[in-house]
Amino acid sequence: MVVNIRKILLLLVVLLGIVTFFAFGLNRYFSLAFLKESQASLAALREQQPLQLALGYFLVYIAVTALSLPGATIVTLAGGAIFGLGWGLLIVSFASSIGATLAFLTARFLLRDSVQARFGQRLAEVDKGIQKDGAFYLFTLRLIPVVPFFVINLLMGLTKMKAWTFYWVSQLGMLAGTAVYVNAGTQLGRLDSLQGILSPGLLGSFVLLGLFPLIARKVVEAVQKRKVYAKWASVRPATFDRNLIVIGAGAGGLVSAYIAAAVKAKVTLVEAHKMGGDCLNYGCVPSKALIKSAKLAHQMRHGANYGLSDTTPTFSFKAVMQRIHDVIKAIEPHDSVARYTGLGVEVLQGYARLVNPWTVEIALNGGGTQRLTARGIVIAAGARPFVPPLPGLDDVGYVTSDTLWDAFAKLDEMPKRLVVLGGGPIGCELAQAFARLGAQVTQVEMAPRIMLREDGEVSALAQAALEADGVAVLTGHKALRCELVDGEKILVVEHEGAERRIPFDQLICAVGRVARLTGYGLEDLGIPTNRTVETNEYLQTIYPNIYAAGDVAGPYQFTHVAAHQAWYAAVNALFGDFKKFKADYSVIPWATFIDPEVARVGLNEQDAKEKNIPYEVTRYGIDDLDRAIADSEAHGFVKVLTAPGKDRILGVTLVGTHAGDLLAEYVLAMKHGLGLNKILGTIHTYPTLAEANKYAAGEWKRAHAPQRLLAWVAKFHTWRRG
């Protein structure tokens, strides 16, 4: 209660100060015109009562800054005009820091608890910066004023930064900028006529004002570079063998190398294993080939849906697996050594290791080693399947989403009893595909539902689809151990305090993937990792010339995101000294290729609720779509989240056949700021599945129709009929 009274009293004082400022028109005193008009009287007052004027100015500056009133810039210029550079800088420096600290403490006392409770997610980036290196973070903001100082004062008050730290960093960080503004004020104070505007001193001051943020940024970057490269200064090459070295030939590495070669940079791509990385050899390509075969088998079993006879498919499992490898071979040339060599990329096959920030040593697969230096390095080492530390797992044996393709290709028959560990996209895709091919599949997921990142209704629909294909989906079941009893393999799980034993012939670990962070020198260079390689918004590691892209960098493990990041990594590595680009994750699509497919971009409902983002939901049932009915695929829905009362798209979830393809229209719309009205006004070919997007937009339009206007229009038509 006492705290609340104090808050109310402080709030009243702040409001009284602000109201007084505007009610009495005090803002007229904070203008260049008033400063020029008062130039002579202020000079006289300075001669007669210098201490009183300095004290009054000091207190006014503190008040303006503490209350975050407009006019701080003019007051700073006035300091130079009245007191000159030396005394003006001294007075303004302390007054601005004290006022900023008072604003900081006021925001902390009045707002921090409530704002953090409500908008904590939106302040996450600020908090992250404060926790990592708060003083330097604030110093950079002060030195490079990309954010208005009064905003910094208030925002920092919402963090846990100590008041003393805030004060001394502000005092130091604002000093250079204060000097520039006070110096400009000294030039303004000397104006006697309009001709004085063109004086070299004044023009120089304003040029300095414009260049200061750029100069300060370069200074900060130089200090950071000097600090991080200090221990390696003696080994920095005088010249470089390459412009860019790329480690890893998955999606991120291939695109990085391609871009470098396209802009005529000398680039070397190093790959220890297979070109194309996980996507071509173990992930996207083989899994989709498997899913296609499984879907055809499913359609044969349900031929009656198409007016045909149901039939049990007969097939050779070895032939199915051979087709998968044939598909990989057909796509291999797109990612081959020959293709990239032809594009101008030097491809070395071997294991790369960072020796220092500019040198990579390659242990060549054919024998021997080679050392190369480069100005820029891109790490695109990818990820590998995570294998849980289950007791007995090695005794019974297992495959992962990486190893099953070669392991199963050696089998004459498909394993009859399969256990799939994991309820994420990979686990769901494999479980359904093998069930459709005739295996008895049990899927084990520790979480309360599968596909946990999607909305609850999507998880329920996905589980129903898997179960309809014969998958035994066990959610809320924790794998405890594996046992080998009389030659039979058994997985022991726990559910609601009771153990259950599941016999199987083969176990697939599909519980996620982890970035490859060891074996190529990150530890030797001290590059920080935390599940992924830590990078800034430009994809730089702590060494500005070393970048990371793809699964090894996160935060998404998608091939298309790896390729997206690769553009930023390559361009920044090659041209970052002149212009750097922040990686843009604002519109990231993804899909899970079960049947029906699940595709999403932007927010879903559970994301919006977690982030306290207001939204409206528009739904369209694909069961009403002509083409879906004709294809006997009339199930699923389109769910669009929009800003309340507006057609601006916040996110889309699509469930249905070819959902991943249909999502592209929404990705384009969100990327370029197009709303549902634009989609509604676009002609969609009939009859196609893409019409679902237009009909969803129509549902939004119908819900937001101007009812009052339509009522008047109805009366108008009645009148017209006589």
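Structure: see above.
Rules used throughout
Residues numbered from 1 in each chain as written. Predicted model: local features only at pLDDT ≥ 70, side-chain atom pairs only at ≥ 80, totals over all residues. Heavy atoms only, no water. Core = buried A, V, L, I, M, F, W, Y, C linked by side-chain atoms within 4.5 Å. Buried < 20%, exposed > 50% of the residue type's maximum accessible area, 1.4 Å probe, protein only. Helix = DSSP H or I, 4+ residues; strand = E, 2+ residues; numbered from the N terminus. Contact = heavy atoms within 4.5 Å. Expected span 1.5 Å × (residues − 1). Arc of directions from axis to C-beta. Pairing = 2+ DSSP bridges. Axes fitted to C-alpha atoms, helices over the stretch in contact; angles between N-to-C directions.

A short note on the nonpolar core
Move 1: Formed by 42 residues in total, the largest nonpolar core has its most connected members in L290, F408, F434, V441 and I508.
Move 2: Secondary structure elements with two or more residues in this core: α13 (284-301), α14 (317-331), α17 (404-409), β8 (417-421), α18 (425-436) and α19 (456-468).
Move 3: Apart from residues lying up to four places away in sequence, I508 is in contact with V399, L404, F408, L418, V419, V420, L421, L430 and F434.

Details of α14
Move 1: For α14, which comprises 15 residues, the first-to-last C-alpha distance of 22 Å matches the rise-based estimate of 21 Å (1.5 Å per residue) to within 8%.
Move 2: Restricting attention to buried positions, one finds in α14 the residues F317, V320, M321, I324, H325 and I328. Down the axis of α14, the smallest arc covering the buried residues is 140°, so these residues share one side. Away from its buried face, by an angle of more than 90 degrees, α14 presents the exposed residues K329 and A330.

Some details on the sheet that holds β8
Move 1: Here 5 strands make up an open sheet; going across it, the order is β7-β14-β8-β9-β10 and the pairing parallel. Pairing within the sheet leaves two strands with one partner each, and these edge strands are β7 (399-400) and β10 (472-475).
Move 2: As judged from the 5 bridges shared by β8 and strand β9 (residues 440-445), these two strands associate in the parallel manner. Following the sheet pairing, L418 is matched in β9 by V441.
Move 3: Along the sheet face, α18 touches β8, β9 and β14 (506-509) and points at about 165° away from the line of β9.

Observations concerning helix α26 (residues 691-703)
Move 1: A rise of 1.5 Å per residue sets the reference length of α26, with its 13 residues, at 18 Å; its end C-alpha atoms lie 18 Å apart and thus fit the reference within 8%.
Move 2: Turning to α26, its buried residues number three or more, namely E691, A692, N693, A696, A697, G698 and W700.
Move 3: Looking at the buried positions of α26, the neighbouring elements they touch are β21 (616-621), β22 (637-642), β23 (649-656), α24 (659-671) and α25 (676-680).

Section: the sheet that holds β21
Move 1: Strand order in this open sheet of 5 strands is β19-β20-β23-β22-β21, and the pairing throughout is antiparallel. The open sheet is flanked by β19 (589-592) and β21, the only strands paired with a single partner. Pairwise comparison of adjacent strand axes, ignoring direction, gives a mean angle of 10° for this sheet.
Move 2: In terms of strand pairing, β19 meets strand β20 (residues 597-602) through 4 bridges, oriented antiparallel. Within β20, the residue paired with P589 across the bridge is V601.
Move 3: Seen against the sheet, α26 touches β21, β22 and β23 and runs at an angle of roughly 135° to β21.

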